[in-house]
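Listed below are the residues making up each chain.
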Amino acid sequence: MKVMKSLKLAVVALAASCITMAASAQDNTLLGAGSTFVYPLFSKIFSQYSASKVNYQSIGSGGGILQLTNKTVDFGDSDAPLNADQTAKMSAPVLHIPMASGAVVVTYNIPGLTKPLNLTGKDLADIFLGKITNWNAAEIKATNKGVNIPDQPIVVIHRSDGSGTSFIFTDYLTKANADWAKKVGKASAVNWPAGLGAKGSEGVAGLVKQTPGGITYVELAYAKQNNMPFANIQNKGGKFIEPTLDATTQASNVTIPEDSKVSITDTDNPKGYPIASFTWALIYKEQNYGGRSKARATELLKLLWFNIHGGQKFCKDLNYAPLSTSAVKVAEKILKSATYDGKPIL
C-alpha cells in the first residue's frame with residue numbers, strides 16, 4: 001500500500017513539473033517559471049493574490065527563459081536581461097518588467113570562525129579563479145586583521161545550472177577583477193575555472209554546509225532563511241558593506257531606462273551593497289499567440305500589475321528591496337505597452 005501511495009505521489013509530482021499551456025487552459029491558473037532568486041517573494045505574493053491562481057516553478061532563470069521561448073508558460077522570470085542569443089531565439093519581442101531587487105551573498109563553511117569575513121571583489125574573484133586556495137592566505141588575512149582564520153583549504157562551489165544568481169555574481173566579478181573579465185566573464189552559465197558544481201540554491205548551499213572550507217553564493221533571502229553566514233563585500237569606496245536590506249535599496253536607487261534593463265552591481269553608491277540586482281518578469285509584448293484568449297492575457301497583466309503595486313509590501317519582510325517610485329513608473333509604462341491583436345491590454 002505504501003509503495004502504491006509513493007508511486008501515486010511520484011506521478012503527481014511529475015505531472016506538476018511538466019508545465020504546458022494546454023494543461024492550464026481549462027482553468028484560471030497562470031503559469032510562470034524561472035528565477036530561484038525571487039522565489040521566496042513570488043511564493044508569498046502569489047499566495048495572497050486572489051484574482052487567479054499562479055503556478056510558479058522555481059527552476060532557475062535559464063529554465064524560465066527556455067519555457068517562455070517554448071511558449072509553455074505565461075511568464076518567465078530572470079535575474080538578468082535577455083542576451084542577444086536569447087533574444088534571437090524568441091519568436092517575438094519580449095518585455096522586461098522589474099519586480100524587485102535583491103542581494104547575492106557569499107556564504108562559507110569555515111570551522112571556528114566567529115565573525116563575518118571581509119572580502120574584496122578582487123580577492124573573491126581570485127578565489128573562484130582558483131588563485132587563492134587557502135583561507136589563511138595573505139590576501140584574506142590583510143582584510144581581516146585580528147581574526148583567527150584557520151589553515152583550511154578553500155573548496156569553491158558554484159551553480160551547475162543556468163542561473164540568474166550566477167549572472168549577478170559573475171557580472172560583479174567581471175567589474176571587480178580584470179583577470180576574471182578576461183578569462184571568464186559574465187553569464188547565467190560560465191566555464192568555471194575551479195570548484196564543484198551543484199544545481200540550484202539548495203544544491204550549492206547543501207554542499208557548502210557539508211564541506212569544511214566550502215564557499216558559494218546564494219540570494220540573501222535564502223541565506224537568512226537557512227541561518228547561513230555571509231561575508232561583507234568591499235565597495236568602490238573601499239568600505240566593507242554588510243548585505244542588509246537598506247544597503248540593497250541604496251544599490252538599486254538608480255535611474256531606470258525605459259526598457260528597465262540595467263545592472264546595479266558594483267554600485268557607485270557609498271552605502272550600497274555591490275552584489276545586487278533587479279529581477280524581471282518576462283512576457284511577450286503581443287499576447288495573442290498559441291491560442292491564448294484575451295481574458296487570459298488580461299489576467300496575466302493584472303497579476304504583474306499587482307506585483308509592482310500591492311505585492312511590494314511583502315518585499316521587506318523577505319529581504320528584498322521594493323521598487324522605487326521611478327522604477328514603478330517604468331514598469332507601469334512597460335506593462336501598458338503589452339498588446340492583444342495590436343491593441344493595448346491595460
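Structure: see above.
Numbering of residues starts from 1 in every chain and runs along the sequence as written. Two thresholds apply to this predicted model, a pLDDT of at least 70 for residue-level local features and 80 or more for giving and counting side-chain atom pairs, whereas whole-chain, interface and lining totals are computed over all residues. Water and hydrogen atoms play no part in the side-chain values, which are based on all heavy atoms of the structure.

Chemist: Before we move on, can you summarise the overall build of the protein chain with the specific residues and values?
Modeler: The number of helices and strands found in the protein chain is 14 helices and 13 strands. The globule rule used for comparison is 2.2 Å times the number of residues to the exponent 0.38, while the radius of gyration itself is calculated over C-alpha atoms. Taking 346 residues into account, the globule formula puts the C-alpha radius of gyration at 20 Å, and the protein chain, at 21 Å, falls close to it. Surface accessibility of the protein chain: about 15100 Å² in total, with carbon and sulfur atoms responsible for 54%. Counting 35 positive and 25 negative side-chain charges, the protein chain places the averaged centre of each group 4 Å from the other. Every helix listed is a DSSP run of H or I at least four residues long, and every strand listed is a run of E at least two residues long, numbered separately from the N terminus. Reported accessibility uses the Shrake-Rupley method at a 1.4 Å probe radius. Residues are deemed covered only where the shown protein chains occlude them. Charged residues are defined here as Lys and Arg on the positive side and Asp and Glu on the negative side; His and the ends of the chain fall outside this count. By convention, charge coordinates are those of NZ in Lys, CZ in Arg, CG in Asp, or CD in Glu.

Chemist: An account of the sheet that holds strand 11 (residues 276-284) is needed here, citing residue identities and associated values.
Modeler: One open sheet holds the eight strands; their spatial order is 2-1-3-11-4-8-6-7, and the pairing between them is mixed. Either end of the sheet is taken by a strand with one partner, and the two such strands are strand 2 (53-58) and strand 7 (196-198). Averaged over all neighbouring strand pairs, the angle between strand axes comes to 25 degrees, with direction disregarded. By the bridge criterion, three bridges tie strand 1 (residues 29-34) to strand 3 (residues 75-78) in an arrangement that is parallel. In this analysis, strands are considered paired if DSSP registers two or more bridges between them. Angles run from 0 to 180 degrees between N-to-C directions of axes, and those axes are lines fitted to C-alpha atoms, restricted for helices to the stretch in contact.

Chemist: Can you tell me about helix 4 (residues 61-69), naming the residues and giving the values?
Modeler: Every α-helix carries 3.6 residues per turn, so stepping three or four residues along brings you back to the same face. Taken across its nine residues, helix 4 has seven buried, putting it largely inside the fold. Only protein chains enter the calculation, and the probe is 1.4 Å; a residue is then buried if its accessible area is under 20% of its type maximum, exposed if over 50%, and partly exposed in between. Among the residues of helix 4, those classed as buried are Ser 61, Gly 63, Gly 64, Ile 65, Gln 67, Leu 68 and Thr 69. Taken together, the buried residues of helix 4 touch strand 1, strand 3, helix 5 (84-89), strand 4 (94-108), helix 8 (164-176) and strand 11. Any two residues whose heavy atoms approach within 4.5 Å are treated as being in contact.

Chemist: Please provide a residue-by-residue account of the environment of Glu 332, values included.
Modeler: By the element assignment, Glu 332 lies in helix 14 (residues 325-336). Separated by 84 residues in the primary sequence, Glu 332 and Thr 248 have C-alpha atoms spaced 22 Å apart. When residues no more than four places from it in sequence are discounted, the contact partners of Glu 332 are Trp 305, Ile 308 and His 309.

Chemist: Can you break down the pairing of strand 2 residue by residue, with the values?
Modeler: Pairing geometry for strand 1 and strand 2, over six bridges, is parallel. Residue pairing in the sheet places Ala 33 in a bridge with Gln 57 of strand 2. Tracing the backbone out of strand 1, into helix 3 (residues 39-48) and back to the parallel element strand 2 gives a crossover that is right-handed. Whether a crossover is right-handed depends on one test, that the path from the first strand over the helix to the second runs clockwise when the strands point away from the viewer.

Chemist: Tell me about helix 12 (residues 245-252), and name the residues and values.
Modeler: For helix 12, the set of buried residues is Ala 247, Thr 248, Ala 251 and Ser 252. Taken down its axis, helix 12 places every buried residue within 135 degrees of arc, on the same side. Looking at the buried residues of helix 12, the elements they touch are strand 4, strand 10 (240-241) and strand 11. Here the arc refers to the set of directions running from the helix axis out to each C-beta atom.

Chemist: Tell me about unusual backbone geometry, and please be specific about residues and values.
Modeler: Only a minority of non-glycine residues have a phi that is not negative, and only a minority of peptide bonds are not trans. The backbone phi angle of Lys 71 is positive, close to 60 degrees, even though this residue is not glycine. Mapped onto the secondary structure, Lys 71 falls in the loop between helix 4 and strand 3. Take Lys 71: its relative accessible area is 26%, and that puts it in the partly exposed class. Phi at Asp 266 is positive, roughly 55 degrees, even though this residue is not glycine. Relative to the assigned elements, Asp 266 resides in the loop between helix 12 and strand 11. Asp 266 sits in the buried class, given a relative accessible area of 14%.

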